[in-house]
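A look at the structure
Chain residues, written in single-letter form:
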Amino acid sequence: MKYNEITHVSHPQHKLKFEYTEVPFKCDGCKEAGIGSRYKCTACDYDLHLHCALPSPTLAHPFYTKCSFQFLLKPPGSVARYCDACEKDVTGFVYHCSACGFDLHPCCAKLPMMLNDGEVKLYLYEKVSAACHRCGRKGRSWTYRSTCKKYNLHVACVKEMLVENWHEIYFGNKTDQRNNMYYNGSTSTRKLETSIPSLRNTLQAHHHQKSGSKGKVQKCCELAGLAVQFIISAVLGDPTTLIAGVVGTLMSR
C-alpha cells in the first residue's frame, strides 16, 4: 500500500513524500542505488526506496524456507556483512535472520520471482548451473533466467555493472545535483548513455562468437536487451514497465 506522505524512524525530523523519478538516486537507508518510486525529504535531500520506506517488520523468503528475516536499520554486530542475494556489502537497512545469519538488502529481498512484460519471462533462481552472460561464471549469486534457459544474468553482475558505470551517481549524486553537473538537459542524457551499453556490447560479442546466423544473433540480443532492462529495473527497486522503458531508451542510444 502506498502513502503520499509518511514519517520514518530513520528521519524523524521531517515527513517523506512519495514521488516517481527517472533519475537514479542513492537510497539513504540501504545505501544502494534506486530508480522510480521513492520517498524523499527535499529539505534534507534524504531518499528511501519504497522497500526501505515501507518495510515488512519480518519477512519469509522461498529460497530460505527455514529462515525468518527481521528488518533492521543497521547490520547486527561488528563484523562486516554481505547480502546473500547479490554478494555486495551490507552497510545500511537490512533483512537479517539471526538463526541462520543470512542477510538481504531490502530491494534484493523483494526481487520478483518472475519478471514478465508479455514478451519475455525471466525467473529468479538461487543458483544456476549455466554460465552468466556477463561474467561467464556459474553458480555465483541469485540469477535471473529466461524461460528458454539460454539467457542467465547474475544479480551480482547487474550490481557490479551499476557500480562500475554509475560511480558518480552512487557517490556523487547529492553533490552533483546541487552543482547541476550531471542532471540537467543533455549532460544528464550523455552521462547515462555512456554507462549502460557496456552489458549489451558484452552480450553481442558473446553471441557473435557462439552463433553463425546473423538473424539469430540480432533477435537473441534484442531479447537479451529487453531482459536486461527489466532486471536492472528490479535491482534498482522498481520493476515496472515505465522504468524498464527508460532504461531501454538509454541503452538503445
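For the structure itself, look to the data block above.
Here goes a summary of the coordinates provided.

Calculation rules
- Residues numbered from 1 in each chain as written.
- Predicted model: local features only at pLDDT ≥ 70, side-chain atom pairs only at ≥ 80, totals over all residues.
- Heavy atoms only, no water.
- Pairing = 2+ DSSP bridges.
- Helix = DSSP H or I, 4+ residues; strand = E, 2+ residues; numbered from the N terminus.
- Phe/Tyr/Trp six-rings, centres within 6.5 Å; stacked < 30°, edge-to-face > 60°.
- Buried < 20%, exposed > 50% of the residue type's maximum accessible area, 1.4 Å probe, protein only.
- Salt bridge = Lys/Arg side-chain N within 4 Å of Asp/Glu carboxyl O.
- Core = buried A, V, L, I, M, F, W, Y, C linked by side-chain atoms within 4.5 Å.
- Contact = heavy atoms within 4.5 Å.

**Structural notes on the sheet that holds strand S6 (residues 64–72)**
Overall, antiparallel pairing links the four strands, which are arranged S5-S6-S9-S10 in an open sheet. The open sheet terminates on both sides in strands that have one partner only, identified here as strand S5 (58–61) and strand S10 (103–104). Pairing of strand S9 (residues 94–96) with S10 involves two bridges; the strand directions are antiparallel. What sits directly across from His-96, in S10, is Asp-103.

**With respect to the packing of aromatic side chains**
In this structure the tally under the stated criterion is seven aromatic pairs. Aromatic side chains Phe-63 and Trp-142 sit 4.9 Å apart centroid to centroid with 85° between the ring planes, which places their arrangement in the edge-to-face category. Separated by 79 residues along the polypeptide, Phe-63 in the loop between S5 and S6 and Trp-142 in the loop between strand S12 (121–125) and strand S13 (143–146) bring together distant segments of the chain. The pair Phe-63 / Trp-142 is uniform in exposure class, with both members buried. With centroids separated by 4.6 Å and ring planes inclined at 35°, the aromatic side chains of Tyr-64 and Phe-102 adopt a geometry described as tilted. On the criterion of sequence distance, the pair formed by Tyr-64 in strand S6 and Phe-102 in the loop between S9 and S10 is long-range, its members being 38 residues apart. On the basis of relative accessibility, which here comes to 7%, the residue Tyr-64 falls in the buried class. Ring pairing ties together the aromatic residues Phe-63, Tyr-64, Phe-69, Phe-102 and Trp-142, which thus form one cluster.

**Examining the pairing of strand S2 (residues 11–26)**
It is a general feature of regular strands that their side chains alternate between the two faces of the sheet. In terms of strand pairing, strand S1 (residues 5–8) meets S2 through three bridges, oriented antiparallel. Bridge assignment links Glu-5 to a residue of S2, and that residue is Lys-17. What sits between S1 and S2 in their antiparallel hairpin is a turn of two residues. Examined bridge by bridge, S2 and strand S3 (residues 33–41) share seven bridges and lie antiparallel to one another. Residue Thr-21 lies in a different strand from S3, and its bridge partner there is Gly-36. Between S2 and S3, which pair antiparallel in sequence order, lie six residues; one of them, Lys-31, sits at a positive phi of approximately 70°.

**Things to note about the pattern of salt bridges**
Counted under the stated rule, the structure contains seven salt bridges. Two residues, Glu-19 and Arg-38, come together in a salt bridge whose shortest N-O distance is 2.5 Å. Residue Glu-19 is found in strand S2, and its partner Arg-38 is found in strand S3; the two are separated by 19 residues along the sequence. A salt bridge links Asp-45 to Lys-40, with the shortest nitrogen-to-oxygen separation between them at 2.8 Å. In this pair, the class of Asp-45 matches that of Lys-40, namely buried. Here the residues in one salt-bridge network are Glu-19, Arg-38, Lys-40, Asp-45 and Asp-47, joined through shared partners.

**Comments concerning the nonpolar core**
Leu-104, Leu-111, Trp-142, Tyr-144 and Ile-231 are the most contacted members of the largest nonpolar core, which totals 56 residues. With seven residues, the single largest contributor to this core is helix H7 (residues 214–235). Look past the residues within four positions of Leu-104 in its chain and what remains in contact with it is His-61, Tyr-64, Phe-69, Cys-83, Asp-84, Ala-85, Val-94, Tyr-95, Ala-109 and Trp-142.

**Thoughts on unusual backbone geometry**
Even without being glycine, Asp-45 reaches a positive phi, approximately 55°. One can find Asp-45 in the loop between S3 and strand S4 (46–49). The phi torsion at Glu-87 lies on the positive side, around 70°, for a residue other than glycine. For Glu-87, the position within the fold is in the loop between strand S7 (81–82) and strand S8 (89–90). For Glu-87, a relative accessible area of 34% translates into the label partly exposed.

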